[in-house]
Amino acid sequence: MIKQTFKFAIKSFRKSGFLHLINLLGLTLGLSVFFMISLFIYQEKSYESDFKNRDNIYQLSHTMIGYKMAAGAPNLPYVLDEIPEVKLFTSFKRSPTTTMNWDDQEITASVLLVDSSFLKVFDFELLQGDPETVLDKPNFAVINEVKAKELFGTTDVVGKLFNVSKYSIDSIYQVPVIISGVSKTPKFKTQLKFDLLVSEQRPVIEDFSVDGWQNSSVYTYIVANANTTEEQLDKRLFDISYKYAYPKTIIGGKGTKEDWRAEPLYSGSYAESLATLRAGSETSSNLMPALNTTQLQTLTIIALAALLISVFNFINTSTAQASLRMKEVGVKRIMGSSKRMLIFQFMLESFLLILLSSVVALALIEVLVKLKPESLGIVVDYSVLHSQEWVLGLISFIIILTFLAGIYPAIYLSSGKLVTILKSGTSKHSFSVLNAAVLRKFATVLQFMCSIGLITTVITMFLQVNFLRTRDIGYKSGNVLVIDSTYELGLSKNTFKNELLNLSSVNSAAYSNRLPSGNSIERPDLIKINDSTEINFSMFEVDSTFFQVMSMEFKAGEPFESRETSNAASSKASKSGEIVYFPVVINEVAEKLMGYDNAVGQVFLKQGLIVGVVKDFVFSDLRQEVGPVLMISKESVADHTFSNPLIVRTYAGLADIDDIQEVWSKFSNNELKYHLLETNYSNLLKSEMQGFRAVLIFSIVAVIISCLGLLGLAMFIIDQRTHEFGIRKVLGASVTDIMKLFGSGFAKLMLVAFLLALPVSIQLMKKWLSNYADRINLDIWIFILTAVIMIIIVAGTILFQSLKAGRLNPVDSLRSE
């Protein structure tokens, strides 16, 4: 019987090929969107799934002088044995980008300097080596299989010796390292991306210095006992800080625990689970990338919308085949087929179509995973057969989807009454169950609502991203180069800068401790303005020429004085006993928070004199408000330019890099490392642009699916109203009259959908825009444009079918009457 049912299903596919093609195409596109986004979400939520202790692993983050940092105190690992909840622990350092030297090859590598317990906490699978002993000795290394093949051409590399660059405060030196193991590339995403694990022996410490507690240089992770909470660990860690760090501080540990916790100089540790780190920790410099929950929520809505549209399309086009299958149902009922057998047949047909669509969709996704097109907006590294868990989920989903999408068409098509079929000869009266007409209208309204919402989302996101891209950021980054490798210049930094200024191609140059829109570990400093006002200032230490290089505009005042003028004034003031003021520049936000209409000339921090107010400029995350900025002249403070970048404004941008490299070669034999300043802001925009591209692409696909559904519904309506249109033609209706009548039903449904979608779209877009401090307004023309686009899409989709309805020959349509 099942074999015969398969034959009937294949015959049905051939008989109504166009409708089945619409079904297949709609389902394939809908499932492609749904599977792709689902795979991306699965990937983003599966970090660290390779580790068996995943649920009990905690990062011991560090707080110091109000800052929260991922790397912690180097003294902490020595006393973790005092915490009974700690089962295992490891500490490691992340080395700067390092080079591996082998057989005259020099390859850049990402290196973690770890202790012998690292692979016990993070149990990476090893292709070679014993995880219990591979890191027991100093300068033993575990190499990633990808880097092993790149460097040696094979993973059979245990025992090979090579050199690794290591860094001290003022030098770079080579250390011989022997490979003791090869790690397999993790199956799931991980925060611990490395090419090489190099073991280091933890030095013996007899007396804990205060520097070892008020320091952030070592990443520390623990495996806690089951059922241990972050609160329990935090209490234990605070007790350790009170016991060891507090007595070493300036205040001498004379107060209570509450006094120590409230102390501005407080330094201590706190626990964060892997899930907490992924969900959006406030700790800076985490190795774990934060989960973009807004993006996932947006993509989830799009995935569900695409799935719903494609499912309702399937139901509509399946029920639209009623007239084509009327005789088949009648004959089978005469031959003795039961309703149950017909339901089984139609469910099997649904399963075959959904299975075929799923296979095609998964094949398409696999191609996209391999190609990784940037235009898609999201990057998926997992294969469609990535894990058993994912595959079982797919199988379950296909079965459930077959039931949900196929049950109504199966019941509807099997509900034909033999007497009615033979008597009326039409599907309109022969098939009737669960008020099919109401269901189809509901499905169409839902499709329209989803399409309207998606179009509104795309328009709003485009306008917001375009606003961020074109807004005034407060400085001009064109033709500005950032030299990152200044640490190699040592005490020759100013000499190098002065030689660059002698070049005809260089306009100006300045050192700064941080760059606008760049990655900075600097955190705001809380500064007391008066008895009632404290402000968190973002601090910039800059050269006097910084404002010229950045082409910043001053609201009032002027930039810092030159070094010579400042020094001369300070010397004169010192001899006369006058107070020596150091110049500072603030931004407009700071001036407003300080309560000044014109802050120029105001004394700040007793010896700080505000000499200028610069217009607000973007220097941090795109979504945050511009905060108060305090800019201090580097000539007036201690010189901290050891690794500070040098920003250089040239007349022709990259075209002048050869001149700069020629000067660089006089000071260093190493490669000049630089980048364009404009890439700082464009990198911030990149994630926003990627999110917009993902929404745009998937929304377009969802709207196309909706159009296919409209086409199927239009065909169904023609099938149902053929006789009606024939009678109207006989009574004198024109083609235009029929087209208006045919399209008016869709217009009413679209109007209802628009009225229902409007408040929902407004609320969702307001919520999305609330993530941005600077944002566009939701003007009414956005929704008018959405309505116009929707009308064009609907009109374009049903135009051919409405013409077909209007041109029906009444002789053909009424012949059976």
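Residues numbered from 1 in each chain as written. Predicted model: local features only at pLDDT ≥ 70, side-chain atom pairs only at ≥ 80, totals over all residues. Heavy atoms only, no water.

> Got a minute to help me understand the overall build of the chain in this structure?
Along its length, the chain carries 24 helices and 24 strands. The contacts in the chain between residues at least 6 apart in sequence include a share of 79% that link residues at least 24 apart. Roughly 39,400 Å² of accessible area belongs to the chain as shown, and the carbon and sulfur atoms make up 57% of that amount. (Helix = DSSP H or I, 4+ residues; strand = E, 2+ residues; numbered from the N terminus. Contact = heavy atoms within 4.5 Å. Areas by Shrake-Rupley, 256 points an atom, 1.4 Å probe, with all protein chains shown as cover.)

> Could you clarify how one ought to interpret the sheet that holds strand 23 (residues 646-650) in this entry?
Two orientations exist for strands paired in a sheet by backbone hydrogen bonds: parallel and antiparallel. Strand order across the open sheet formed by 4 strands is 15-23-14-24, with antiparallel pairing between neighbours. What marks the edges here is a single partner per strand, and that holds for strand 15 (506-511) and strand 24 (674-676). Ignoring strand direction, the axes of neighbouring strands in this sheet form an average angle of 25°. Two strands pair when backbone bridges link them, and strand 14 (residues 480-483) and strand 24 are joined in this way by 3 bridges, in the antiparallel orientation. Paired with Val482 across the two strands is His675, which belongs to strand 24. Contacts between helix 15 (residues 493-501) and the sheet are confined to strand 14, strand 15 and strand 23, with strand 15 contributing the most and set at about 165° to the helix. (Pairing = 2+ DSSP bridges. Axes fitted to C-alpha atoms, helices over the stretch in contact; angles between N-to-C directions.)

> Just checking my understanding: could you explain the environment of Phe560 for this structure?
Counting through the fold element by element, Phe560 comes out in the loop between strand 18 (554-557) and helix 17 (563-576). Separated by 24 residues in the primary sequence, Phe560 and Val584 have C-alpha atoms spaced 7.3 Å apart. In this structure, Phe560 is in contact with Val542, Asp543, Ser544, Phe547, Pro583, Val584, Val585, Val611, Met631, Ile632 and Ser633, ignoring residues within four places of it in sequence.

> How do you make sense of a nonpolar patch on the surface when you look at a structure like this?
Together, Ile780, Trp781, Ile784, Leu785, Val788 and Ile792 make up an exposed nonpolar region whose accessible area comes to about 580 Å². Relative to the helices and strands, Val788 is located in helix 23 (residues 780-806). Residue Val788 is classed as partly exposed on the basis of its relative accessible area, which comes to 39%. (Patch = residues over 30% accessible without salt bridge, like charges linked within 9 Å, V, L, I, M, F, W, Y side chains within 5 Å. Salt bridge = Lys/Arg side-chain N within 4 Å of Asp/Glu carboxyl O. Buried < 20%, exposed > 50% of the residue type's maximum accessible area, 1.4 Å probe, protein only.)

> Sorry if this is basic, but what is going on with the environment of Met36 here?
Its location among the elements puts Met36 in helix 2 (residues 17-44). By relative accessible area, which is 2% here, Met36 ends up buried. The spacing of Met36 and Leu362 is 326 residues in sequence and 8.4 Å in space, taken between C-alpha atoms. Not counting chain neighbours up to four residues away, the residues in contact with Met36 comprise Leu31, Ile365, Leu368, Leu376, Ile378, Val380 and Phe698.

> In this structure, what is going on with unusual backbone geometry? I would like to understand it.
Generally, phi is negative for residues other than glycine and the peptide bonds are trans, each holding for most cases. For Ser285, which is not a glycine, the phi torsion comes out positive at approximately 65°. Residue placement: Ser285 occurs in the loop between helix 7 (274-280) and helix 8 (293-319). The phi dihedral of Lys372 is positive, around 50°, even though this residue is not glycine.

> Just checking my understanding: could you explain the environment of Leu401 for this structure?
Position of Leu401 among the secondary structure elements: in helix 11 (residues 388-413). With a relative accessible area of 6%, Leu401 lands in the buried category. With 50 residues separating them in the primary sequence, Leu401 and Phe351 have C-alpha atoms 8.7 Å apart. Residues within four places of Leu401 in sequence aside, it is in contact with Leu31, Leu307, Val311, Ile354 and Gly406.

> What is the right way to read the packing of helix 15 against helix 19 (residues 657-664) from this model?
How two helices sit against one another is set out by the angle between their axes and by the gap between those axes. Two numbers describe how helix 15 lies on helix 19: the axes approach to 10 Å, and their chain directions differ by 140°. Taken as axis vectors, helix 15 and helix 19 run oblique relative to one another. Here helix 15 runs over helix 19; the crossing is right-handed. Residue-level contacts link Phe496, Glu499 and Leu500 of helix 15 to Ile660, Val663 and Trp664 of helix 19. Residue composition of the contact of helix 15 with helix 19, grouped by class: 5 nonpolar, no polar and 1 charged. (Parallel < 35°, antiparallel > 145°, perpendicular 65-115°, else oblique. Left-handed = near helix turned anticlockwise from the far one by under 90°. Nonpolar A, V, L, I, M, F, W, Y, C, P; charged D, E, K, R; others polar.)

> What's the story with the nonpolar core in this structure? I'm lost.
A general trend in soluble globular proteins is that nonpolar side chains are found buried together. In terms of nonpolar packing, the biggest core is built from 116 residues, with Phe35, Ile378, Phe546, Phe617, Met631, Ile647 and Phe698 touching the most fellow members. Contacts of Phe35, omitting those with residues within four sequence positions, involve Ser358, Ala361, Leu362, Ile365, Trp390, Leu394 and Phe397. By size, the runner-up hydrophobic cluster in this structure holds 27 residues, among which are Val114, Val134, Phe194 and Met288. (Core = buried A, V, L, I, M, F, W, Y, C linked by side-chain atoms within 4.5 Å.)

> Would you take a moment to explain the side chain of Glu366 for this structure?
With respect to the helices, strands and loops of the structure, Glu366 is situated in helix 10 (residues 339-371). Ignoring sequence-local partners within four residues, the contact set of Glu366 consists of Ser383 and Val384.

> Looking at this structure, how should I read helix 4 (residues 145-152)?
An α-helix turns once per 3.6 residues; consequently, residues spaced three or four apart project the same way. All of the buried residues in helix 4 are Glu145, Lys147, Ala148, Leu151 and Phe152. End-on, the buried residues of helix 4 take up no more than an arc of 160°, which puts them together on one face. Between a side-chain oxygen at the N-terminus of helix 4 and the backbone nitrogen of Val146 the separation is 2.8 Å; the capping residue is Asn144. Of the residues one or two after helix 4, Gly153 is the one with positive phi, at around 80°. (Arc of directions from axis to C-beta. Polar contact = N/O pair within 3.5 Å; in protein donor to acceptor, adjacent residues only side chain to side chain.)

> Please explain the pattern of salt bridges as it appears in this structure.
A side chain with one charge may pair with a side chain of the opposite charge, provided their charged atoms come close. Per the stated rule, a full pass over the model turns up 17 salt bridges. The partner of Lys243 in a salt bridge is Glu82, and the shortest N-O contact between them spans 3.3 Å. A residue pair is termed long-range when its members are at least 10 positions apart, and Lys243 in helix 5 (residues 230-245) and Glu82 in the loop between strand 2 (67-69) and strand 3 (86-94) qualify at 161 residues. Look at Lys243 and you get partly exposed, because its relative accessible area is 48%. Residue classification places Glu82 among the partly exposed residues on the basis of a relative accessible area of 39%. Of the charged contacts, one joins Lys370 and Glu366 as a salt bridge, the two residues approaching to 3.9 Å between their closest N and O atoms. Taken together, the residues Lys370 and Glu366, both in helix 10 and 4 residues apart, mark about one turn of the helix. Taken together, the shared-partner salt bridges connect Lys147, Glu150 and Asp195 into one network.

> For this particular structure, what's the right way to read the confidence of the model for the chain?
Close reading of the predicted structure is inappropriate where its pLDDT is low. With 82% of its residues at a pLDDT of 70 or more, the chain has an overall mean of 82. Confidence scores differ between elements of the chain, with helix 17 showing the lowest mean pLDDT of 43 and strand 12 (residues 219-224) the highest of 96. Low pLDDT, under 50, characterises residues 562-576; the predicted model gives this stretch 9 contacts beyond four residues in sequence or across chains. (pLDDT = per-residue confidence, 0-100.)

> Quick question: what am I supposed to make of the side chain of Ser357 here?
Mapped onto the elements, Ser357 comes out in helix 10. Among the polar contacts made by the side chain of Ser357, one reaches the main-chain carbonyl oxygen of Leu353 at a distance of 2.9 Å. With near-sequence residues (within four places) excluded, Ser357 lies in contact with Leu24, Leu27, Thr28 and Leu31.

> Explain the pairing of strand 22 (residues 629-633) to me, please; I cannot follow it from the model alone.
Within a regular strand, the side chains alternate between the two sheet faces. Burial within strand 22 is extensive, with 5 of its 5 residues counted as buried. Alternating residues of strand 22 divide into Val629, Met631 and Ser633 and Leu630 and Ile632, and every residue in both groups is buried. Here strand 17 (residues 533-542) pairs with strand 22 via 5 bridges, running parallel. The partner of Met539 across the bridge, within strand 22, is Leu630. The pairing of strand 19 (residues 582-587) with strand 22 spans 3 bridges and is classified as antiparallel. If you follow Ile586 over to strand 22, its bridge partner there is Leu630.

> Looking at this structure, how should I read the packing of aromatic side chains?
Within a pair of aromatic rings, the relevant descriptors are the distance that separates the centres and the angle that separates the planes. Taken as a whole and judged by the stated rule, the model has 32 aromatic pairs. Aromatic side chains Phe312 and Phe442 sit 6.1 Å apart centroid to centroid with 80° between the ring planes, which places their arrangement in the edge-to-face category. With a gap of 130 residues between them, Phe312 in helix 8 and Phe442 in helix 14 (residues 436-470) connect regions that are remote in the sequence. Ring centres of Phe546 and Phe547 lie 5.7 Å apart, and the angle between their planes is 80°; on these two criteria the pair is classed as edge-to-face. For the pair formed by Phe546 and Phe547, the shared burial category is buried. Each residue in the set Phe51, Phe92, Phe118, Phe122, Phe124, Phe194, Tyr219 and Tyr221 is aromatic and connected to the rest through ring pairs, giving one cluster. It is Lys68 that lies over the ring of Tyr270; its NZ or CZ is 5.9 Å from the centre. The ring centre of Tyr78 lies 5.9 Å from the NZ or CZ of Arg202, which sits over that ring. (Phe/Tyr/Trp six-rings, centres within 6.5 Å; stacked < 30°, edge-to-face > 60°. Lys NZ or Arg CZ within 6 Å of the ring centre and 35° of its normal.)

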